[in-house]
Amino acid sequence: MSEQQISDRQIKSSGEGSLKLPRKVSFSRALGGGLRHYYINGEPYDPESQDYILEMNTAEQWVLSNPSDSPHPFHIHVNHFQTKGDLIDLDKEDVPSNWRWWDTVAVNQTPVTIRHRFSDYDGKFVLHCHILIHEDQGMMRNVRIMDN
């Protein structure tokens, strides 16, 4: 995996995942039938769905959100990401070369902006809340990286 910074010019220039239209990942929960239900983007997990189809050798910007008062640790398999504004050195500039790399980040009520590059693996994997009971009850999505 490459941990080279992801600059603005490396992010897709248009469409979902671009600076102007970042992909959205929104965690939510609801009560129904005496149970809690956990969702991403308002929908429960469907193992047959193709939720995020991404292109190999591209970089994207995503915004993770969570309206609840309970944090959800976002985790994506295979591709680690930079967290915008999460500075390595607090005395240095807020630029991509000074942003930390993660594979899991807590998403509270303040949205989190991440950037990731899809260059090491083409195939299928998942992203999910890293709280096992939330993941098991629907807070997960399928990801597919397609090589052109």
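Think of each chain on its own: its residues are numbered from 1, step by step along the sequence as written. Where local features are concerned, this predicted model is filtered to residues with pLDDT of at least 70; where side-chain atom pairs are given and counted, the filter is 80 or more; whole-chain, interface and lining totals use all residues. Note that water and hydrogens are dropped before the side-chain values are worked out from all heavy atoms of the structure.

(A) Representation of the sheet that holds strand 3 (residues 52–55) in the model. In short, DSSP must find at least two bridges between two strands for them to pair. The numbering of helices and of strands both runs from the N terminus, where a helix is a DSSP run of H or I of at least 4 residues and a strand a run of E of at least 2. Here 5 strands make up an open sheet; going across it, the order is 3-11-10-5-8 and the pairing mixed. Both outer strands of the open sheet, strand 3 and strand 8 (104–107), are each paired with one neighbouring strand and no more. Neighbour-to-neighbour, the strand axes of this sheet turn through a mean angle of 25 degrees, independent of strand direction. Relative to strand 11 (residues 140–146), strand 3 runs parallel, the two being bridged by 4 bridges. Across the sheet, residue Ile 53 finds its bridge partner in strand 11, namely Arg 144. Orientation is described by axes fitted as lines to C-alpha atoms, over the contacting stretch for helices, and by angles from 0 to 180 degrees between their N-to-C directions.

(B) Structural detail: the side chain of Ser 7. One can find Ser 7 in the segment before strand 1 (23–32). With residues up to four places along the chain from it excluded, the contact list for Ser 7 reads Pro 96 and Arg 115. We call two residues in contact when some of their heavy atoms are within 4.5 Å.

(C) The arrangement of the packing of aromatic side chains in detail. Each pair of aromatic rings taken from Phe, Tyr and Trp, with Trp reduced to its six-membered ring, is defined by centres within 6.5 Å and is described as stacked if the planes are under 30 degrees apart, edge-to-face if over 60, and tilted in the remaining cases. According to the stated counting rule, one finds 3 aromatic pairs in the structure shown. With 5.0 Å between their ring centres and 20 degrees between their planes, Tyr 52 and Trp 62 make a pair best called stacked. Of this pair, Tyr 52 sits in strand 3 while Trp 62 is found in strand 4 (residues 58–65), placing the two residues 10 residues apart along the sequence. In this structure, Tyr 52 and Trp 62 share a single accessibility class: buried. Relative accessibility thresholds used throughout: buried, under 20% of the residue-type maximum; exposed, over 50%; partly exposed, between the two (1.4 Å probe, protein chains only).

(D) The pattern of salt bridges, seen in detail. By convention in these notes, a salt bridge is any Lys or Arg side-chain nitrogen within 4 Å of a carboxyl oxygen on Asp or Glu. This model, assessed by the stated rule, comprises 7 salt bridges. Here Glu 60 and Lys 12 are joined by a salt bridge, their closest N and O atoms 3.6 Å apart. Of this pair, Glu 60 sits in strand 4 while Lys 12 is found in the segment before strand 1, placing the two residues 48 residues apart along the sequence. Residue Glu 60 is classed as buried on the basis of its relative accessible area, which comes to 1%. The residue Arg 23 makes a salt bridge to Glu 60 at a minimum N-O spacing of 2.5 Å. Linking Arg 23 in strand 1 with Glu 60 in strand 4, this pair joins segments that are 37 residues apart in sequence. By the burial criterion, Arg 23 is buried, and Glu 60 matches it. Each of Lys 12, Glu 16, Arg 23 and Glu 60 takes part in salt bridges that share partners, so that together they form one network.

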